[in-house]
Amino acid sequence: MRQWIYYGIFCLALITGVVVLLPFTTEEEGQVVNAFTSLPCEETVSTVECIAYYGKGNLTVRQKEEILLEIGESIGLHNDYTFYEEENTNGKVRVLAKQSDNYTVAIKMLTVEEEEVSHYLYVNIAIEDSASSAMYYKEKVKKAMEQFVEKPQVTVNLVGIIDGKCSDKKKEELVEQLLNETGSKLVIDGRDAGLYTVYGYTNKMEDCVTVNGEAVNINIAITYDEAANQSKIYLATPIIEVDY
């Protein structure tokens, strides 16, 4: 019964545009969110993202839209969405999209026409100031994509903004705080003058990827925007999938 109540709340959030706080899927995912929300950020954006190979063969526009809509309905998207076509350097993209004041949803199918016609699926949900909902959305996206692809890799990217430039000492303190509070060990230290990023691993979380031959499932980065005089802190599982 509780599962259906939570699903109803989730659907209401996507339909009305009101983002609500949902329960964590696991205690470990709750640790990630709690670690992030403990940071002194002025504002935050959370994204849930999945990219997967769908298959080969010709599909009509209607068939593509039916696939996109099935994914959308599986995550609770039932009305006020739009379909449109766009093109990039790889091919044509059919898009199902919905936008509200504090979130956007984009579900896409990229069609690449080479010797054979291939299709790729992409899901992105971006939520402002609601990191605690991201892990729940992650599980909904994963289950929706499992209808079409095997073992989809879903990433959660949490981005926080701090006014001013963080000193090297402050960066080290923030990274150590995030590693400790997520129960992760440092695996790869990529801290240098140009790029500040580290990779960690915790055996309490199922998803992981391999970076330089090492298993990782926590990725932390800190950047500075000189024009805006803001520092950005990125915390992702398993790795950062947004530009930084």
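Residues numbered from 1 in each chain as written. Predicted model: local features only at pLDDT ≥ 70, side-chain atom pairs only at ≥ 80, totals over all residues. Heavy atoms only, no water.

Peer 1: Can you tell me about the nonpolar core, naming the residues and giving the values?
Peer 2: Counting 50 residues, the largest nonpolar core has Ile71, Val141 and Met145 as the members making the most contacts within it. No other element matches helix α4 (residues 131-145), which puts eight residues into this core. The residues touching valine 141, leaving out its near neighbours within four places in the chain, are Val48, Cys50, Ile75, Val123, Ile125 and Val154. Counting residues in hydrophobic clusters, the runner-up holds six residues, among them Tyr199, Val209, Val216 and Ile239. (Core = buried A, V, L, I, M, F, W, Y, C linked by side-chain atoms within 4.5 Å. Buried < 20%, exposed > 50% of the residue type's maximum accessible area, 1.4 Å probe, protein only. Helix = DSSP H or I, 4+ residues; strand = E, 2+ residues; numbered from the N terminus. Contact = heavy atoms within 4.5 Å.)

Peer 1: Account for the pattern of salt bridges, with residues named and values stated.
Peer 2: Under the counting rule described, the total for this entry stands at six salt bridges. Two residues, glutamate 66 and arginine 62, come together in a salt bridge whose shortest N-O distance is 3.5 Å. Within this pair, glutamate 66 and its partner arginine 62 are both found in helix α3 (residues 61-74), separated by four residues, close to a single helical turn. Given a relative accessible area of 45%, glutamate 66 falls into the partly exposed group. Under the relative-accessibility criterion, arginine 62 is labelled exposed at 63%. (Salt bridge = Lys/Arg side-chain N within 4 Å of Asp/Glu carboxyl O.)

Peer 1: Outline the confidence of the model for the protein, listing residues and values.
Peer 2: Per-residue pLDDT for the protein has a mean of 85; in total, 89% of the residues score no lower than 70. The weakest mean pLDDT in the protein belongs to helix α1 (residues 2-16) at 36; the strongest belongs to α3 at 97. (pLDDT = per-residue confidence, 0-100.)

Peer 1: Tell me about unusual backbone geometry, residues and numbers included.
Peer 2: Of the consecutive residues threonine 237 and proline 238, the connecting peptide bond is found in the cis state with omega at 0°. Note that proline 238 resides in the segment after β12 (230-237). Unlike most non-glycine residues, lysine 151 shows phi in positive territory, near 50°. Along the chain, the position of lysine 151 falls in the loop between α4 and β6 (154-163). For lysine 151, a relative accessible area of 73% corresponds to the exposed category.

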